[in-house]
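Fold and geometry: a report
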4 protein chains.
Amino acid sequence: MAVNNRQRLRDIDNTGFGANSSVEGGRILNPDGTANLRKRGIPFWERISIYHTLLRMKPAHFILMVFLFYTTVNLIFASGYFFIGVESLGVEQGGGLFEQFLEAFFFSSQTLTTVGYGHMAPRGIPANIVASTESLVGILSFAVVTGLIYGRFSRPRAYLLFSPSLLIAPYKEGKALMLRMATYKNNHLTDAEAGLTLALHVKENGKTVTKFYPLKLEIEKINSMALSWTLVHAINEDSPLYNYSKEDVAEARMELIVMVKAFDDHFSNMVQQRTSYTYQQVVYGAKFLPMFERGQSGGYTLLELNKINAHELVQLPETVQNTAV
Amino acid sequence: MAVNNRQRLRDIDNTGFGANSSVEGGRILNPDGTANLRKRGIPFWERISIYHTLLRMKPAHFILMVFLFYTTVNLIFASGYFFIGVESLGVEQGGGLFEQFLEAFFFSSQTLTTVGYGHMAPRGIPANIVASTESLVGILSFAVVTGLIYGRFSRPRAYLLFSPSLLIAPYKEGKALMLRMATYKNNHLTDAEAGLTLALHVKENGKTVTKFYPLKLEIEKINSMALSWTLVHAINEDSPLYNYSKEDVAEARMELIVMVKAFDDHFSNMVQQRTSYTYQQVVYGAKFLPMFERGQSGGYTLLELNKINAHELVQLPETVQNTAV
Amino acid sequence: MAVNNRQRLRDIDNTGFGANSSVEGGRILNPDGTANLRKRGIPFWERISIYHTLLRMKPAHFILMVFLFYTTVNLIFASGYFFIGVESLGVEQGGGLFEQFLEAFFFSSQTLTTVGYGHMAPRGIPANIVASTESLVGILSFAVVTGLIYGRFSRPRAYLLFSPSLLIAPYKEGKALMLRMATYKNNHLTDAEAGLTLALHVKENGKTVTKFYPLKLEIEKINSMALSWTLVHAINEDSPLYNYSKEDVAEARMELIVMVKAFDDHFSNMVQQRTSYTYQQVVYGAKFLPMFERGQSGGYTLLELNKINAHELVQLPETVQNTAV
Amino acid sequence: MAVNNRQRLRDIDNTGFGANSSVEGGRILNPDGTANLRKRGIPFWERISIYHTLLRMKPAHFILMVFLFYTTVNLIFASGYFFIGVESLGVEQGGGLFEQFLEAFFFSSQTLTTVGYGHMAPRGIPANIVASTESLVGILSFAVVTGLIYGRFSRPRAYLLFSPSLLIAPYKEGKALMLRMATYKNNHLTDAEAGLTLALHVKENGKTVTKFYPLKLEIEKINSMALSWTLVHAINEDSPLYNYSKEDVAEARMELIVMVKAFDDHFSNMVQQRTSYTYQQVVYGAKFLPMFERGQSGGYTLLELNKINAHELVQLPETVQNTAV
């Protein structure tokens, strides 16, 4: 019967994911919105965008990368000065080899960062050429780092927090699929638009194929996303989930792809965020509790972000599952 | 009767502000267009975007922040050099502790900014490691500052000036709600589009709820916003304000949300600006005076920005308030 | 009769320029597309965007501004060192006051640019505080300059060249208004869209008012603007220029506002360019000559930008001016 | 007969390429999507955008340009110091002219990069003026380079890989033109949109003219371009290629212009990529092999980019070429 309804509704083939793209147990999108996909067949360096990898890296990793780069470049140039001989840096020849290498290393760092104290300074052509090259390399490298830091800062992001649970809640006469989101930073989204795509892995002629269905939202566009926004998909005759039981959902390893687009006036740019829910995240018979409150005194609205998933269990209306159609 | 008209018109639920989001006496949007809202429930550092806070800070505050940061970082590294001992900077051991700390502080500032005069310079491994680290920290910090300064400069903004008053003016046979705006910088907006949303706090079944209504504009899109633009909403049978008296407006604590979008050719980007008017800003029976003038000699138009709110009181047409519908 | 046609056509009031915005003899837009407008009534510094003024300045002026700024800042700090006394820079007290000021000036420039040779270096608290401040000011100033230089480079522009003349050319059975444009840089515009607005200054009830009419284009959108694009407005019964003689055009001080929007794949951004033609630029009875050529050998198309205005005089078809309608 | 079909279909004139723009044997677009076009008639420096030329240059060439620039500027300033005399840099007068020039060169590089060791430092007014200017030039130049490096990094690009071959494959009852593409970097495109324009060089009244036809796609918009996307144009009665033989295609020197637009969430920006296929790239009777695979264990999809052109030869359905219409 569930099948009847699904067959009546047309699945869509313009999701870009392909009917046989999903493996046993593998999801289509990861929770962070990236595709659960690997690429191969062309060299690693051509396959990744270093810029974007560095842009999306965690701050601590990024700082570590910069320190590693700084140390490596200094080691390379220090070796150069060491082989030329530290006396050409104006250093008296005393001290062991390790001390000499350290002097070369510190001179290198003074040149790379263009500090150039001058108590060590290159003398003679070879040391001067290396130092001249190193100061240029320093400036260019730090230009790259400056660009990366700015790029990391200014990367437009939606900063959306999604409720970890997907609720099947009572709605009007029947029930609805609900999820909730809110912006968690001091940004302001306008003209926000959401879209839900349902993926079901079903057997067709003995082969497992993935079918995609757009899910209609009660409200799919809002002017301003100042508070939280609950996406509501009514499970009625026009829904591919109509008469679809908890077991059907699990068997089809249901996955719900959520896509939100909005205009962010911080960045004056379109921002997008995606996420995906799997059937394990569905809570049957629950409704969201309000997450904003009237201020006691100040005259403002208080949005409590830790209540993004706050819900209470409720009785679902009697489904017509076994009698309908 | 006012109620009749409002009930006939559908209120909208896609404003994103929610029916019960507004507190007693609290407005929905602040005059600067930000939502009158606070967030809580997740840690402060996750809740704010430092980048955007620094971007939207007043120039004087931003410069102060940079100086504070500079001084703090110097104090930290100066402490380092001080504990290692200033003699490892090549400073003769004379002078008290305070003088020694000052020497360390100035050496630190010379290293952080990569000036590196060299009359003080690090000697020995500990001082060299601290100095090498500090010059890297300096370059990275100033990369951040460079990015912030560029971000502050290049942030797309509409630079719109709104009339502080909202006029109820005679218009055609009846009356209209009017407000005026103009760009106050040497920027040029094209394809400008405006939208008005009216918020009324009304009693429904003994509970105060907020209802939102879009207000139709006579002209809602203009090709070019070179001069001033007066937004005109005719208060006729299709307006939620029809037959709504001054007292009704105050009782419902009317708030008018204004949203303007345009393409700015300075930034080659969409820009948005919002503002909000409360019922206290309404002037009944007034019309705007022209704010641009023909030049005496030069052959150009002169826009007088100090006249943005210039209006004169006029007689409103007899309202049909007590006889209609 | 001309008037008949104009009255039959609706003029538009959403151009943003206003019916009485234009003065005797003053044009609405300047040839470079900026509005012929001045603003006053708020302080100069609030009225202009310094960033955008510096962004749109000619390269030579911009470089001059940077040099002036560099010299001024150096003079200010040099005065500081001079009053503290150049002996605190490690300079021997010999030489006159002018020589001392020069030493202070050169030390200042070494500090501002963070070169810091070190043969002069600050000694004592006052000189150190000034030097420490100056090196910070230097870094921040050059951060601003770096941002401005990047902003100048990366400002999206359409780089369109317009034909200086507006032709009235034979077209199909009748005639048409034509102008030609081409991109003159190695940029590539796609999805280009053009719009023409005609402004006529006409007498109405004894008062001169400005009427605006959109002019219909034969092709108003092209996929790719690789070669030249000739905008063609057929002067037929639906045109406000139908039966409008050369004298009518001059009397109404006709102005034609041209607006082009496109997507530029250099900048991956929308770009816009505007220009304006006055009635003096109209050439009656002429048609454009081709401006691209088949290459002799290489197998490419050659676009000759110096032929943007190339046209030959031709006979216009007999107008039906004195007999029609 | 082929001609019959083409004449029945309207060709389009809004491609921006012009009917007689193409030379004998010359293609319209290059494979990299740039127009096969040269411009002349205005000075070289006005005709190219230096910024964009440097932005699109290969990395190796860009680095070479920076090194050349660095060396050239150093040579110029070194000449200045050399003519003033290296003794004004604090260098002892020993050594030949070449040694002196080298000293001047190395001092110049220390000043340009603002390293400023100080064992050489300017003395006297002429040397100080040159050094003060050079350090400013250095900072400004490296500001330019920083901007260019950031611009190179952050330039929005689609990173699309196209199949080198254009297949004529069996499709439904008939056949279809197919090409395949995939993103080869770790970027994610959403709301992707493709358009095909066919160019045919045909004889009309004895003159060769270029006709353009839009080709209808089975799916022209997809939500997400995570995997590969095969563009399919069915060659049916509504196609300008219907009943067009291999020989016709070659005679008309068919060229297929492909344009893809999408929203990239790395850049939060629209990206575009174009390419063009010529008739030599057409493979008659072939179909693409799948290029993604189910992972053995990990639970993800594997996209094999080296299979972008993988196809096998197949029998095409009997064409109705000689009997139809």
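Rules of the game
- Residues numbered from 1 in each chain as written.
- Chains lettered and ligands numbered in written order.
- Predicted model: local features only at pLDDT ≥ 70, side-chain atom pairs only at ≥ 80, totals over all residues.
- Pairing = 2+ DSSP bridges.
- Helix = DSSP H or I, 4+ residues; strand = E, 2+ residues; numbered from the N terminus.
- Least-squares fit on C-alpha atoms with pLDDT ≥ 70 in both.
- Contact = placed C-beta atoms within 7 Å.
- Axes fitted to C-alpha atoms, helices over the stretch in contact; angles between N-to-C directions.
- Parallel < 35°, antiparallel > 145°, perpendicular 65-115°, else oblique.
- Left-handed = near helix turned anticlockwise from the far one by under 90°.
- Nonpolar A, V, L, I, M, F, W, Y, C, P; charged D, E, K, R; others polar.
- Domains from an automatic or database assignment.
- Expected span 1.5 Å × (residues − 1).
- Buried ≥ 20, exposed ≤ 12 C-beta atoms within 10 Å, placed from the backbone.

Considerations on the pairing of strand 5 (residues 189-204) of chain A
Residues and elements named next belong to chain A. As judged from the nine bridges shared by strand 5 and strand 9 (residues 255-264), these two strands associate in the antiparallel manner. Looking at strand 9, one finds that threonine 190 is bridged to phenylalanine 263. Here strand 5 pairs with strand 6 (residues 207-215) via nine bridges, running antiparallel. Bridge assignment links histidine 201 to a residue of strand 6, and that residue is threonine 210.

Observations regarding the relation of the copies chain B and chain A
In screw terms, the move from chain B to chain A is a rotation of 90° and a rise of 0.0 Å along the axis, fitting with an RMSD of 0.1 Å. Within this description, the copies of the chain are treated as partners about a four-fold rotation axis. Of the residues that chain B buries at the interface, just 10% are likewise interface residues in chain A, meaning the two copies contact each other through different surfaces.

Examining the packing of helix 5 (residues 97-112) of chain B against helix 6 (residues 125-154) of chain C
As a packed pair, helix 5 of chain B and helix 6 of chain C sit with axes 10 Å apart at the nearest point and diverge in direction by 25°. Compared by their axis directions, helix 5 of chain B and helix 6 of chain C come out roughly parallel. The handedness of the crossing between helix 5 of chain B and helix 6 of chain C is left-handed. Here Leu102(B), Phe106(B) and Ser109(B) of helix 5 of chain B lie close against helix 6 of chain C, whose contacting residues are Ile125(C), Asn128(C), Ser132(C) and Ser135(C). Along the lines of polarity and charge, the residues of the contact of helix 5 of chain B with helix 6 of chain C split into three nonpolar, four polar and no charged.

Side note on the interface of chain B and chain A
With 50 residues of chain B at the interface, the matching set in chain A holds 51 residues. Going through the elements one at a time, strand 1 (37-40), helix 2 (44-47), helix 3 (50-56), helix 6 (125-154) and strand 10 (269-278) of chain B are the ones with two or more residues in the side of chain B that touches chain A. With 13 residues, the single largest contributor to the side of chain B that touches chain A is helix 6 of chain B. Sheet topology note: the strand 14 (residues 301-304) of chain A/strand 1 of chain B ladder contains four bridges and is parallel.

Regarding the domain arrangement of chain A
Considered domain by domain, chain A is made up of domain 1 (45-154) and domain 2 (158-313). When each unit is reduced to the centre of its C-alpha atoms, the spacing between domain 1 of chain A and domain 2 of chain A is 49 Å.

Some remarks on helix 5 (residues 97-112) of chain A
The end-to-end C-alpha distance of helix 5 of chain A is 22 Å, a good match for the 22 Å that 16 residues give at a rise of 1.5 Å each. Taken together, the buried positions of helix 5 of chain A are Gln100(A), Glu103(A), Ala104(A), Phe105(A), Phe106(A), Phe107(A), Ser108(A), Ser109(A), Gln110(A), Thr111(A) and Leu112(A). Residues of helix 5 of chain A that are buried make contact with helix 4 (59-84) and helix 6 (125-154) of chain A together with helix 6 of chain B.

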